[in-house]
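# Commentary on secondary and tertiary structure
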Amino acid sequence: MQGQDGERDRCAARDGGEPSAGAADPEPRRGRPRSAAAERAILDAVIALLEAGEPLAGLSIERIARTAGVGKATIYRRWSGKEELFVDVVRDMEPTDPPVSGTAGLADLRVILESMRTRGLAQRSSVLLVNIFAQMKSHPKLWQEYSGTVIAPRRVAMLEAVRRAVAAGELRDDLDVELIDDLFVGPMLVRTVHRPDAPLPDDLVDRVIAALLGGLAPARV
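Given the structure is predicted, the values throughout are model-derived calculations rather than measurements.

### So, the packing of aromatic side chains
The relation between two aromatic rings is expressed through the spacing of the ring centres and the mutual angle of the planes. Within this structure, the stated rule accounts for 3 aromatic pairs. On the basis of an interplanar angle of 75° and a centroid distance of 6.4 Å, the ring pair of Phe133 and Trp143 is categorised as edge-to-face. Of this pair, Phe133 sits in helix H7 (residues 127-136) while Trp143 sits in helix H8 (residues 140-167), and the two are 10 residues apart along the sequence. By relative accessible area, Phe133 is classed as buried at 11%. A relative accessible area of 25% means that Trp143 is categorised as partly exposed. Within the aromatic cluster, the residues linked to one another by ring pairs are Phe133, Trp143 and Tyr146.

Right, dumping it as structure tokens:
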């Protein structure tokens, strides 16, 4: 990381910025960029390079900056490295996660499951996204960054919705919460990830929820 920090400092100096060590960053790397247009240009540059057939491993900050028409310091002020940048590129290409109430149980759970279905549809319709995910999984550091900043928060949100549903009496309280979570998420993962040819109809989430709430054992006479 020392070499990368040094590179950031040299870039910042050339662009009139401040070194990263021992001084406040004049522009936060994440959340409040100085120029939304510059950030959009950077994300679009990465997407354009990937669409042109460049592999993730072969993309350098210098190449991305040149394609975006910005200095390398502009990129480093927003992202600490390529992993964070690539994760934001994927996040930008995926459908936006819908907001949940944070107070409902089953209703929020349904919203989250539906977002899994729509992401599955988006990935199927984008050859580029399929290619990116395949490459990400072969780069442990990049996949770890994606898992930690994107997948993990989604799992936390789902678990919290399950807990609210249990507290509201919508789900059984005698089962492990993580097991309940797996029972809901599992069918969606199978359909969206493990069976890319499986249908993802509009009513899939409702059918999954109804099947789990009703149970799989035949009705007793």
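### Section: helix H2 (residues 36-51)
Each α-helix winds once per 3.6 residues, and so residues spaced three or four apart point in a common direction. Relative to the 22 Å expected for 16 residues at 1.5 Å per residue, H2 spans 22 Å between its end C-alpha atoms, a close match to the ideal helical length. For H2, the complete set of buried residues consists of Ala38, Ile42, Leu43, Ala45, Val46, Ile47, Leu49 and Leu50. Of the surrounding secondary structure, the elements contacted by the buried residues of H2 are helix H3 (61-68), helix H4 (72-76), helix H5 (82-93) and H7. Gly53 occupies a position one or two residues after H2 and carries a positive phi of about 100°.

Each value, and the rule that gives it
- Residues numbered from 1 in each chain as written.
- Predicted model: local features only at pLDDT ≥ 70, side-chain atom pairs only at ≥ 80, totals over all residues.
- Heavy atoms only, no water.
- Phe/Tyr/Trp six-rings, centres within 6.5 Å; stacked < 30°, edge-to-face > 60°.
- Helix = DSSP H or I, 4+ residues; strand = E, 2+ residues; numbered from the N terminus.
- Buried < 20%, exposed > 50% of the residue type's maximum accessible area, 1.4 Å probe, protein only.
- Expected span 1.5 Å × (residues − 1).
- Contact = heavy atoms within 4.5 Å.

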